[in-house]
Amino acid sequence: MQPLKALREIAFDYGVGEHPDLATMARELSRAILQHKTSLQHDLASLRTRGKGFERWLVAQRSKPAISVLVMAWPANYATPIHDHAGLWGLELALHGALEVESWDRDPHGNILRQVGRDWLGPGDASWFDADDRYAHRCRNLSRHETALTLHVYGGDLAQYLTYEEAGSTGQWLARPQLSTITGQLYA
């Protein structure tokens, strides 16, 4: 079985229900990534050398139950702003390179945020979050030289989300609506 197809099938199999078993999904995806490591590196090599900046590539999407599977390419030192996931559950897993994930909690109005955790992901490591309107995070490629690749599984289509920017030194944050862009489709 093709590696991306195997990852898609695992995401679809475990991505059911309002609160899927993300720990089991992460374990099974990690096992498949380690099993198909060489094939994945070969199949995704062009994403690591494109030099086009941060990119989101769609692997698969399903409407019932809603789920989307993407591969993201992170240029060296690239960091996202703090952002939410529009209340969707999600799982992020490193395929190549290393990613830092800072978790943030925000008040119901979105204007006060506080950092609540930090994870470092290497190949096969995962971080996940439940469907929660208060969850936000910031991700950063830890390499100064290489593009990192990650697999993302969301409980729906993350078409719109909010980014947060600190408003001066008052501890208040401004929320800015954003639209997601897909660079292209990776066929599984």
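Our structure's up above, just so we're on the same page.
Note that the coordinates shown come from a computational prediction; the quantities given were computed from them, not determined experimentally. (Residues numbered from 1 in each chain as written. Predicted model: local features only at pLDDT ≥ 70, side-chain atom pairs only at ≥ 80, totals over all residues. Heavy atoms only, no water.)

Structural notes on the side chain of S103
Here is step 1 of the chain: Among the secondary structure elements, S103 is positioned in strand β5 (residues 99–106).
Here is step 2 of the chain: At a separation of 3.5 Å, a polar atom in the side chain of S103 contacts the side chain of Y135. (Helix = DSSP H or I, 4+ residues; strand = E, 2+ residues; numbered from the N terminus. Polar contact = N/O pair within 3.5 Å; in protein donor to acceptor, adjacent residues only side chain to side chain.)

A few points about the sheet that holds strand β1 (residues 55–63)
Hydrogen bonds between backbone groups are what pair the strands of a sheet, and the pairing can be parallel or antiparallel.
Here is step 1 of the chain: Taken in spatial order, the six strands line up as β7-β4-β9-β2-β1-β12 in an open sheet, and their pairing is mixed. Two strands in the sheet have a free side with no partner beyond their single neighbour: β7 (126–129) and β12 (184–185).
Here is step 2 of the chain: As paired elements, β1 and strand β2 (residues 66–74) share eight bridges and run antiparallel to each other. For S63, the partnering residue across the bridge sits in β2 and is A66.
Here is step 3 of the chain: Here helix α2 (residues 22–35) sits on the sheet in contact with β4 (90–96), β7 and β9 (148–154), set at roughly 15° to β4. (Pairing = 2+ DSSP bridges. Contact = heavy atoms within 4.5 Å. Axes fitted to C-alpha atoms, helices over the stretch in contact; angles between N-to-C directions.)

Thoughts on the layout of surface pockets
Here is step 1 of the chain: The volume enclosed by the largest pocket comes to roughly 270 Å³.
Here is step 2 of the chain: Surrounding the largest pocket, 21 residues form its lining, F54, R56, T80, H83 and Y161 being those nearest its centre.
Here is step 3 of the chain: Those elements that place two or more of their residues in the lining of the largest pocket are β1, β2, β8 (135–141), β9 and β10 (160–166).
Here is step 4 of the chain: Per-class residue counts for the lining of the largest pocket are nine nonpolar, nine polar and three charged. (1 Å grid on protein atoms, 1.4 Å probe; cavity = no way out; pocket = protein on both sides within 12 Å on 5 of 7 lines; lining within 4 Å. Points joined across faces, edges and corners; volume = space filled by probe spheres on them. Nonpolar A, V, L, I, M, F, W, Y, C, P; charged D, E, K, R; others polar.)

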